[in-house]
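# Examination of the molecular architecture
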Amino acid sequence: MDEVITRMAALLARVLEEPSLAHETTADTNLLMDIGIDSLHMITFLLAVEEEFDVEIDFESLDAVHLESVKAFCHFALDPDGQ
Amino acid sequence: MTATVHFGSFDAEAAWRPADLARLPASPAVGGNRGNRCLDQLLAVGCAPGDLLLTAEPMDDGLVEVLAAAGIAPRIVAVPGPEDATVEERLATLGDVGLPQVRGWAAAVYSVRPETSAAVQRLGLVATLPTAEVTARVNSKVWSNDLVRGAGLPGAAVLASTPRQVRRLVEDADGDVVLKDPYGVAGLGALRVTSPRMLDTVVRHLERQAGRGARVELLVQPLFDEALSFSTHIEVGPGAIVRWRGMRHVDNAEFAYRGSGPLSPEQHASLDTPAHREVIAQVGAALAAEGYTGPVCVDGLWLRDGTVVSVLEVNARRSMGLFNLQLDQRAGAVGLSCWLRCRTTPVVAGDALGRLLSALDEADLLFRGDRPGVLPLASGTLTPPRGRLFFAVFASPGAGRAALEAKVGDLLSATRPIRVSSPDS
């Protein structure tokens, strides 16, 4: 999981153009409240996640609860059946 | 002279968009809707003293004082009603309960939504408004694209009405393309397709919705090699009279709005040509023929190969560029120019605007109506965790604007309490 979080953090840093996020982001970081990702950045991030991890995200099922932590988002995006 | 009542929520495109249209992939609403609800406070810039501005939420008292000191001094009143209802819905339902009596006053609305006419009637205002149906039709990018195609103008897109068409048009294009929702606005509803993987995602998403009966209506447009974005502003009056209001430089980051300002003299000379004015007159005539009256912003592009795309999109409503023109009139009266800026910034809970206003005041940077300075324009858009600061920069043409804007950024950072992350974007 640590490696996945690291890759997610790197993607967030790239999409938001805030290099510090690559090392500040943890499994518990809230994408909305801590990072403050907005709608425009969010869609770019989601598409980048699909490419990086070779997964298909179910956009219509994505809910704010999945953004409460990087860990929760990883479960939603990478392991939807395991939730 | 009759005073005017100004009002209107800024999410008009959501009201105009047919419910059965398939959507591009999007994220869930983040950060809540309060910031968007409070955009209507920007209407203050078009108000004369003695006018009434009706808003969704109260404007911060400190900002009311600061605006008044700069000569922007309407009476500002929040409309009572449910938080999730638009100002138009509240007025259409409750009328003038709890509001000043304004029967017989003129109305100036941000846009015409389905409830706008009822709101105007309930308040007893005087206005010549187009129907919401006409306004919705002419605000669709499909309408403006048909106009561009019909007139043989550069910059036309192709309409795709099935996921398969979307795939074919994107795959056949030379280079990246942009997919546009007919009612997308400010970057939401526009997607640059940069890879086959991304195209697969979009098509998969559209196919799922089409399978449930949704209509696909997307404009497929080449990603233009843009040298400069600009907007042209007109007013379509009764009797198909089209009044020219001016042109603005537009600053975008990807598709997100970042600001408007004056064109340089060289840019103005190259873009404000008889040919461009003729095209814009055609747009005005076409809008009038549809039955539209009111303000219009026509977005355009100047490409690196020299092509001028006079009509990229038509926004038949008030617009940021129009607000900038209105502010520029105030600036011009004291020999200055005005730039309208939108800055996205991390926001920590608390009185973010109050801290900023104090800091600007202490640094003697607030615009007071006579010499260079800056002026925050809305209080409710600076919402946690990530808000938007709309502000005007008043400076001498060609001097001092960048420094003033940078100082706003510095003060935003300096007045923000320490938080988990992060530097300004």
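Scoring rules and cut-offs
- Residues numbered from 1 in each chain as written.
- Chains lettered and ligands numbered in written order.
- Predicted model: local features only at pLDDT ≥ 70, side-chain atom pairs only at ≥ 80, totals over all residues.
- Helix = DSSP H or I, 4+ residues; strand = E, 2+ residues; numbered from the N terminus.
- Rg over C-alpha atoms; globule rule 2.2 N^0.38 Å.
- Buried ≥ 20, exposed ≤ 12 C-beta atoms within 10 Å, placed from the backbone.
- Contact = placed C-beta atoms within 7 Å.
- Arc of directions from axis to C-beta.
- Expected span 1.5 Å × (residues − 1).
- Pairing = 2+ DSSP bridges.
- Axes fitted to C-alpha atoms, helices over the stretch in contact; angles between N-to-C directions.
- pLDDT = per-residue confidence, 0-100.
- Domains from an automatic or database assignment.

What follows covers the overall build of chain B. When helices and strands are tallied, chain B shows 14 helices and 16 strands. On C-alpha atoms alone, chain B measures out to a radius of gyration of 22 Å, which is about the 22 Å that the 2.2 N^0.38 rule sets for 425 residues. Dimensions of chain B, computed from C-alpha atoms along their principal axes, come out at roughly 60 × 50 × 45 Å. When each of the 425 residues of chain B is scored for burial, the buried share is 46%. Taking as baseline every contact in chain B between residues at least 6 positions apart, the subset at least 24 positions apart corresponds to 67%.

The subject of this paragraph is helix α3 (residues 61-69) of chain B. All names here are of chain B. Taken residue by residue, α3 has Leu 63, Val 66 and Leu 67 as its buried positions. In a view along the axis of α3, the buried residues occupy a sector of 100°, so they form one face of it. Exposed residues lying more than 90 degrees from the buried face of α3 are Asp 61 and Glu 65. Residues of α3 that are buried in the fold lie against α13 (352-362) and β15 (373-376). Two residues or fewer after α3 comes Gly 71, characterised by a positive phi angle close to 95°.

Now for unusual backbone geometry. Among all residues save glycine, negative phi is the norm, and among peptide bonds the norm is trans. Despite not being glycine, A:Asp54 shows a phi value in the positive range, around 55°. Tracing the sequence through the fold places A:Asp54 in the loop between α3 (39-53) and α4 (70-78). In this structure, B:Ala240 is a non-glycine residue whose phi angle is positive, near 60°.

Moving on, we get to the environment of A:Ser61. Tracing the sequence through the fold places A:Ser61 in the loop between α3 and α4. Between the C-alpha atom of A:Ser61 and that of A:Phe76, which follows or precedes it by 15 residues, the distance is 9.1 Å.

All names here are of chain B. With 17 residues, helix α11 (residues 274-290) extends 24 Å between its outermost C-alpha atoms, agreeing within 8% with the 24 Å of an ideal straight helix rising 1.5 Å per residue. Buried residues of α11: Val 279, Ile 280, Val 283, Gly 284 and Leu 287, and no others. Burial along α11 is one-sided: seen end-on, the buried residues are contained in an arc of 140°. Summarising the geometry of α11, the exposed residues directed more than 90 degrees from the buried face are Pro 274, Ala 275, Glu 278 and Ala 289. Tucked inside the fold, the buried residues of α11 contact α6 (132-139), α7 (141-151), β9 (226-237), β10 (241-253), β12 (294-303) and β13 (308-315).

Before going further, it helps to spend a moment on the sheet that holds strand β3 (residues 75-78) of chain B. All names here are of chain B. The strand order β3-β2-β1-β4 describes an open sheet built from 4 strands, whose pairing is parallel. In the strand order of this sheet, the two ends are held by β3 and β4 (106-109), each with one partner. Taking each pair of neighbouring strands and ignoring which way they run, the sheet shows an average axis angle of 25°. As defined by bridge partners, strand β1 (residues 4-7) adjoins strand β2 (residues 52-55) across 2 bridges and the pair is classed as parallel. Among the inter-strand pairings, Val 5 is bridged to a residue of β2, identified as Leu 52.

Further remarks concern the sheet that holds strand β16 (residues 386-395) of chain B. Residues and elements named next belong to chain B. Strand order in the open sheet formed by 8 strands is β13-β12-β9-β10-β11-β14-β16-β15, and the pairing between neighbours is antiparallel. A single partner strand is all that each edge strand has here, and the edge strands are β13 and β15. Averaged over neighbouring strand pairs, the angle between their axes works out to 30° when direction is ignored. Pairing of β15 with β16 involves 4 bridges; the strand directions are antiparallel. Bridge assignment links Gly 373 to a residue of β16, and that residue is Phe 394.

Right, let's talk about the confidence of the model for chain B for a bit. All names here are of chain B. With 95% of its residues at a pLDDT of at least 70, chain B reaches an overall mean of 92. Counting interchain partners and residues more than four positions distant, the pLDDT-below-50 stretch residues 419-425 has 23 contacts. Listed scores for the predicted complex are pTM 0.91 and ipTM 0.74.

One frequently used descriptor of interface size is the decrease in accessible area upon assembly of the parts. When the domains of chain B are assigned, the result is domain 1 (4-129), domain 2 (156-222), domain 3 (225-317) and domain 4 (334-414). For domain 2 of chain B and domain 4 of chain B, the distance between their C-alpha centres works out to 37 Å.

Below, the discussion takes up the confidence of the model for chain A. Residues shown with low pLDDT carry predicted positions that ought not to be read at fine detail. For chain A, the mean per-residue pLDDT works out to 86, and 95% of the residues sit at or above 70. When pLDDT is averaged over each element of chain A, α4(A) comes out on top at 93 and α3(A) at the bottom at 85.

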